[in-house]
Each structure stands twice: as structure tokens, then as C-alpha cells.
Amino acid sequence: MKQVFIIMGKEWRDGMRNRWVLATTALLAALALTLAFLGSAPTGAVKTGALAVTIVSLSSLTIFLIPLIALLLSYDAICGEIDRGTMALLLSYPVARWQVLLGKFFGHLAILAFATLIGYGFAGLAVQWAGADDPGAWSAFAFMIGTSALLGGVFVAIGYFISTLVRDRGTAGGVALGVWLFFVLLYDMALLGGLVADQGRNVTPAVLNALLLLNPADVYRLLNLTTSNDVSGFAGVAGLGADSGLGLWALMGALVVWMVAPLAASVVLFARRQV
Amino acid sequence: MRHEFVSQDTVVLRAVTHLYGRQLAVDAVDLNLRAGECIGLVGHNGAGKSTLIKMMLGLIRPTSGSVQVLGEDPSAGAAAAARRELGYLPENVALHPSLTGAETLAFYARLKGQPVAGNIALLDRVGIAAAAHRRVETYSKGMRQRLGLAQALLGKPRALLLDEPTTGLDPALRQSFYEIIADLRREGATILLSSHALAELEGQVDRVVVMNRGRKVADGGVAELRRLAAIQPRIRCRLVGQSRPDGWAPAPDGRLERVCDEDEVGVLLRELPESAQEIEILRPTLDELYAQFQKGAE
């Protein structure tokens with residue numbers, strides 16, 4: 001376990017040095033602030049607090065941004081280090097390959113968690129200070145920050161899977177971009193198109209639930225837009241799964257599976273990989 | 001403490017073969033490296049030197065045969081203990097550019113379970129203590145190489161595997177590099193140096209292992225290799241105002257040259273007249289020996 005912490009610490013320091021932490025935090029804070037103040041402008045007359053509105057806009061932003069940042073952090077974590085030759089040296093030390101992978105994972109997860117916590121937290125506080133007193137939404141807001149970090153963890157794990165699977169960094173980058181497009185854009189478009197075409201004949205609610213669980217971005221959407229009443233009123237189209245009957249724990253479990261499975265697969269692939 | 005390992009094998013390879021796909025990188029190599037011994041591993045690029053070293057580190061497994069390093073199979077999980085006593089300098093060492101020299105060394109020392117306190121002395125030993133708190137990306141190639149050497153020296157390793165360690169070092173650094181190597185050898189470490197610059201290994205190594213296309217084609221001390229290669233020594237001298245004695249031929253530089261056996265050298269030198277000048281004994285350099293072994297292996 002000590003070795004895992006040493007590698008995690010090094011990844012964190014790397015992130016601080018090459019400005020990943022700073023850039024990500026600043027980007028998330030800037031976007032969150034923009035959304036918080038622009039997004040809540042039209043709600044002046046509505047009774048629901050501005051923070052709840054902010055949660056809806058922020059989770060939509062998260063679905064696009066966090067997977068992209070996570071994949072950019074992780075896609076060359078393994079194949080890039082093998083390419084550059086730093087991996088051969090590292091593995092000549094008394095450290096197992098799974099320890100290297102887990103250490104990197106926790107390091108990258110820490111970077112993402114820090115960036116979401118500080119970036120979004122800052123925006124949340126700003127909304128609060130601006131006078132929209134809405135204490136009820138704080139737990140939902142904290143929940144959103146936590147699940148955003150978890151979503152980041154899912155895509156970091158997927159990034160490692162890509163990184164251990166393909167030979168070179170260029171390919172890994174291309175595949176990562178494809179994966180991002182697929183989960184964030186294409187999957188939902190195809191799903192909605194399919195639902196419209198099907199007119200409810202074959203796609204029963206149970207099938208739809210299964211289809212939603214197959215995309216971690218959708219799981220995240222369901223978690224944040226439907227599990228809190230305060231928020232789901234604003235969720236609009238995304239309220240699709242509102243009556244899904246998928247409980248909080250089933251959704252959380254799905255996200256954890258989406259994180260652990262690619263990570264376990266990368267451990268297996270990395271163990272066999274020629275360095 | 002250390003002399004209990006003297007004359008004990010630290011690295012043992014038995015009929016080791018490695019295939020990359022269908023390509024034979026290492027072919028049935030037997031090799032013993034002993035404590036307190038400095039071995040030169042020479043061969044062209046692609047002769048299997050790096051593959052051999054990577055198998056000793058457990059980075060890759062042999063397709064067949066067995067590898068034992070400090071008493072353990074390096075690719076087994078239990079090899080962590082052995083790796084604490086192993087130092088490795090990869091060819092064209094790559095380090096993390098955004099860390100400083102001191103941080104880099106601290107990171108590797110922690111992984112080896114070594115106290116970080118001794119790192120400054122180590123950086124001083126390789127001559128980059130002044131740049132310890134600068135980022136590695138600002139280092140010159142020679143400085144990176146020295147930092148690479150410093151990490152290999154962490155924890156007083158019993159076996160040092162150095163892949164092309166002197167490429168990119170200027171002659172002065174090369175000199176101090178070989179001084180460090182000599183110190184370690186005196187302390188009983190096994191040192192394996194891979195190189196294709198053979199001339200500079202001369203006088204630094206106890207033994208030379210020559211690789212060609214994955215095969216070990218020669219293994220022995222420089223004198224032994226000379227004997228095996230059967231390249232005869234040549235004596236050259238200038239005789240002023242004398243006719244050419246029997247058996248001597250004119251050399252391209254205007255001197256006289258005689259090819260003889262090693263045990264004739266003394267006799268021939270004694271026979272030379274007192275007026276002989278610029279006397280020189282030419283023995284095959286390692287490069288010539290190497291070329292000879294490569295030819296023999298074709």
C-alpha cells in the first residue's frame with residue numbers, strides 16, 4: 001500500500017506542476033460561475049432556489065466536461081510512459097504493476113475531485129452569497145460534486161483501459177476521443193431516436209433502464225436530475241428516467257461497477273504488456 | 001559483510017531464449033555474473049543486449065530457460081526483495097521532466113525504501129548537487145544521465161545493470177563515471193555495462209561478453225579474447241641507417257613492421273638494434289576483436 005501512496009503522490013505533484021490541477025479547477029469554476037449567474041437569471045419569479053437550478057445546469061456541463069478531462073488525464077498514463085521509457089525504469093523498482101496502476105488512479109482521481117470540489121464549491125458559495133438562500137439544495141449540491149468526481153473516476157478507469165490496450169499514444173488519444181463522443185453524444189442520440197421510432201413497442205421500461213445503465217454518463221444524469229424532488233422539476237427532457245424505478249443505490253452501484261470493471265481489466269492487460 | 005558474496009554468482013542465466021513474436025531476440029544464452037566483477041556486454045544495436053538486461057530485471061519473461069538474479073526469479077512477485085538491491089540505468093534514460101533532480105531521487109528512494117537523507121550526498125557524488133532543485137526539463141543530456149546514474153546507485157545495489165551508460169557523456173564525465181564504477185566494484189557489486197563503444201571499455205572491465213544476433217559469441221577477459229580471436233600482435237619500429245632485417249616488412253607510415261606470436265614479442269624486441277626508434281607493439285583493439293567475432297559468427 002505504501003508504494004501505491006508514493007506513486008499517487010508523484011502523480012498529484014505532476015498534476016500540480018504541469019498546471020493540470022490549476023487549469024481544470026479554474027475552468028470548472030469559471031464555467032460553473034457563468035452558468036450559476038446566467039442560468040438563474042430567468043428564474044427570478046420562480047420559487048425554487050437558484051442553487052437547484054444551478055445543479056441542473058452544472059450536471060449537464062459535467063456530463064460533457066468531466067469525462068473529457070478525465071480521458072485527457074488518463075489516456076497516455078500507461079502507453080505514454082512506456083513510450084517515453086519511464087515505465088521500464090519504474091518497474092525495475094520493487095513495485096508491482098497493479099500498484100503502479102492504482103497509484104496513478106488515485107492520483108488522477110484526487111486531481112479531479114479537488115478540481116470539482118473547489119471549482120463547483122466556489123460557484124455554489126457565490127450563488128449563496130448573491131442572496132439566493134436555499135439551504136435545502138446544499139445536500140443535492142454536495143451530492144452532485146461527489147458524483148461528478150465519481151464520474152471522473154469512471155472515465156479515468158476507461159482511459160487506463162484504452163491506454164493498456166493500444167500500442168501508441170496517438171491511437172490511444174483517438175480512441176479516447178471516440179469513446180467520449182460515443183458516451184456523451186452518440187449514445188443518447190441513438191437512444192432517443194430508437195425510442196421515437198419504436199413507439200414503445202419493444203422498448204419496455206425495463207429495457208430502457210438497462211440501456212440507461214449501460215452508459216455511465218446517463219447513470220450520472222439520472223442520479224443528479226431525478227433523485228432529488230427539488231431538482232427534478234427543472235430537469236426537463238432528462239426527466240425521461242424520472243419514473244425509471246432505478247433506486248439511488250442501483251445507480252450508485254452502476255457507477256462503481258463502471259469504475260471498477262475497466263480498472264480491473266487494465267490491471268490484467270498491464271500485467272501482460274511488454275514494457 | 002559484503003565479502004560473503006565475493007566469488008558468488010549474482011546473476012545466472014541458463015539457456016535463456018526470448019522471442020518477440022516470431023523474431024528471435026535472445027537465443028539460448030548461458031551467462032554467470034559474479035560479485036565484484038565488472039562485465040562489458042557488447043554487440044550491435046539489436047544484438048539482444050537490452051533484451052538480456054530487461055530479462056534480468058524481470059521486465060520481460062524469457063520464452064524458455066531460467067533467469068536468477070540475487071537468488072530469485074526477477075519476474076516472480078517475490079522478487080521485490082531482490083529489486084531493492086538492484087540498480088538499473090536504461091538506455092537513453094527518461095525521467096519525469098516536471099520534477100526537480102532532488103524530487104526525482106526522493107521518489108525513487110522512497111520506492112526502494114531508502115532514507116531520503118542520503119540523496120544530497122549521492123547527487124554530489126555524480127556532480128549535480130548544484131542543480132538539485134532545478135527541474136529535470138532544464139537539464140542537459142549529460143546531467144540527466146548523471147541523475148539516472150544516481151538513481152541506479154540508490155541503496156548500494158549488489159548488482160548494477162547499466163544499458164549504454166556513457167552515451168552523451170563528455171570525456172571528463174566518462175572518467176568520473178568509471179571512477180564511481182571502480183569504487184562500487186571494490187565494494188563487491190556486480191556491474192554489467194552494455195556498450196557498443198568498445199574502445200572505451202578497455203581497461204575498465206574484467207570480462208567482455210560479445211553478443212551477435214541474440215547469440216553469445218564470446219565471453220572472457222580481453223587477453224583471452226585476443227587469444228581466441230587469433231589476431232597476432234605486430235611490432236613496429238624505425239631503423240635509422242640500417243638495411244631491413246629478415247622478416248620485417250615496410251609499414252604504411254614508413255616504419256618497419258613484423259607480425260609475430262605473443263610469446264615471440266620479448267625475443268624480437270631484444271634482437272632489435274640499439275638505434276631502433278619509435279618502437280610500438282600493436283595489439284588488436286577491442287573493436288578489431290569484436291569485428292573478428294562478428295565475422296566468425298556470420
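Residues numbered from 1 in each chain as written. Chains lettered and ligands numbered in written order. Predicted model: local features only at pLDDT ≥ 70, side-chain atom pairs only at ≥ 80, totals over all residues.

Caption draft 1: Looking closely at the interface of chain B and chain A. In this complex, chain B contributes 21 residues to the contact, which on the side of chain A involves 19 residues. Elements with a minimum of two residues in the side of chain B that touches chain A: helix 2 (80-83), strand 5 (86-89) and helix 3 (101-111) of chain B. In the side of chain B that touches chain A, the residues fall into 13 nonpolar, four polar and four charged. (Contact = placed C-beta atoms within 7 Å. Helix = DSSP H or I, 4+ residues; strand = E, 2+ residues; numbered from the N terminus. Nonpolar A, V, L, I, M, F, W, Y, C, P; charged D, E, K, R; others polar.)

Caption draft 2: Representation of the packing of helix 10 (residues 216-226) of chain A against helix 12 (residues 248-272) of chain A. Residues and elements named next belong to chain A. As a packed pair, helix 10 and helix 12 sit with axes 9 Å apart at the nearest point and diverge in direction by 150°. The angle between the axes of helix 10 and helix 12 places the two elements in the roughly antiparallel class. Handedness of the crossing formed by helix 10 with helix 12: left-handed. Contact residues: Pro216, Val219, Tyr220, Leu222 and Leu223 in helix 10; Leu251, Ala254, Leu255 and Trp258 in helix 12. (Axes fitted to C-alpha atoms, helices over the stretch in contact; angles between N-to-C directions. Parallel < 35°, antiparallel > 145°, perpendicular 65-115°, else oblique. Left-handed = near helix turned anticlockwise from the far one by under 90°.)

Caption draft 3: Highlighting the domain arrangement of chain B. All names here are of chain B. When cut into domains, chain B gives domain 1 (2-85 + 157-225), domain 2 (94-154) and domain 3 (234-282). Placing the centre of domain 1 and that of domain 2 at their C-alpha centroids yields a distance of 23 Å. In this assembly, twelve residues from domain 1 lie in contact with ten residues from domain 2. For the side of domain 1 that touches domain 2, the secondary-structure elements that each account for two or more residues are strand 6 (159-163) and helix 6 (171-186). (Domains from an automatic or database assignment.)

Caption draft 4: View of the pairing of strand 1 (residues 9-20) of chain B. All names here are of chain B. As paired strands, strand 1 and strand 2 (residues 23-34) are joined by eight bridges and run antiparallel to one another. Across the sheet, residue aspartate 9 finds its bridge partner in strand 2, namely arginine 34. Where strand 1 folds back onto strand 2 in an antiparallel hairpin, the turn is made up of two residues, including glycine 21, whose phi is positive at roughly 65°. (Pairing = 2+ DSSP bridges.)

Caption draft 5: How the structure looks around the sheet that holds strand 9 (residues 215-220) of chain B. Residues and elements named next belong to chain B. A sheet is described by the order of its strands in space; here six strands give the open sequence 5-6-7-3-8-9, paired in mixed fashion. In this open sheet, the two edge strands, each paired with only one partner strand, are strand 5 and strand 9. Geometrically, the sheet is characterised by an average inter-axis angle of 15° between neighbouring strands, direction not taken into account. Sheet analysis places strand 3 (residues 38-42) next to strand 7 (residues 190-195), joined by five bridges and oriented parallel. The residue of strand 7 that forms the bridge with leucine 41 is serine 194. Against the sheet, helix 5 (residues 141-152) touches strand 5 and strand 6, its axis set at about 165° to strand 5. The strands touched by helix 6 are strand 3, strand 6 and strand 7; relative to strand 7, the strand with the most contacts, the crossing angle is about 145°.

Caption draft 6: Seen up close, helix 10 of chain A. Here helix 10 of chain A lies mainly inside the structure; eleven of its eleven residues are buried. Along helix 10 of chain A, the residues classified as buried are Pro216, Ala217, Asp218, Val219, Tyr220, Arg221, Leu222, Leu223, Asn224, Leu225 and Thr226 of chain A. (Buried ≥ 20, exposed ≤ 12 C-beta atoms within 10 Å, placed from the backbone.)

Caption draft 7: Structural view of unusual backbone geometry. All names here are of chain B. Positive phi outside glycine occurs at alanine 28, with the angle close to 45°. As for its position among the elements, alanine 28 is in strand 2. Unlike most non-glycine residues, arginine 213 shows phi in positive territory, near 45°. Residue position: arginine 213 is located in the loop between strand 8 (207-212) and strand 9. Exposure remark for arginine 213: the 17 C-beta atoms within 10 Å place this residue in the partly exposed category.

Caption draft 8: Representation of the sheet that holds strand 4 (residues 64-69) of chain B within the structure. Residues and elements named next belong to chain B. Spatially, three strands are ordered 2-1-4 in an open sheet, and the strand pairing comes out antiparallel. Unpaired on one side and paired on the other, strand 2 and strand 4 mark the two borders of the sheet. Within the sheet, the average angular offset between the axes of one strand and its neighbour, ignoring direction, is 20°.

Caption draft 9: Just the environment of leucine 192 of chain B, in detail. Residue and element names in this part refer to chain B. Secondary-structure assignment places leucine 192 in strand 7. Owing to 27 C-beta atoms within 10 Å, leucine 192 belongs among the buried residues under this scheme. With near-sequence residues (within four places) excluded, leucine 192 lies in contact with Leu33, Ile39, Leu41, Leu160, Leu161 and Leu162.

Caption draft 10: Expanded view of helix 1 (residues 2-17) of chain A. Here helix 1 of chain A spans 23 Å end to end across 16 residues, near enough to the 22 Å set by a 1.5 Å rise per residue. All of the buried residues in helix 1 of chain A are Gln3, Val4, Ile6, Ile7, Met8, Lys10, Glu11 and Gly15 of chain A. (Expected span 1.5 Å × (residues − 1).)

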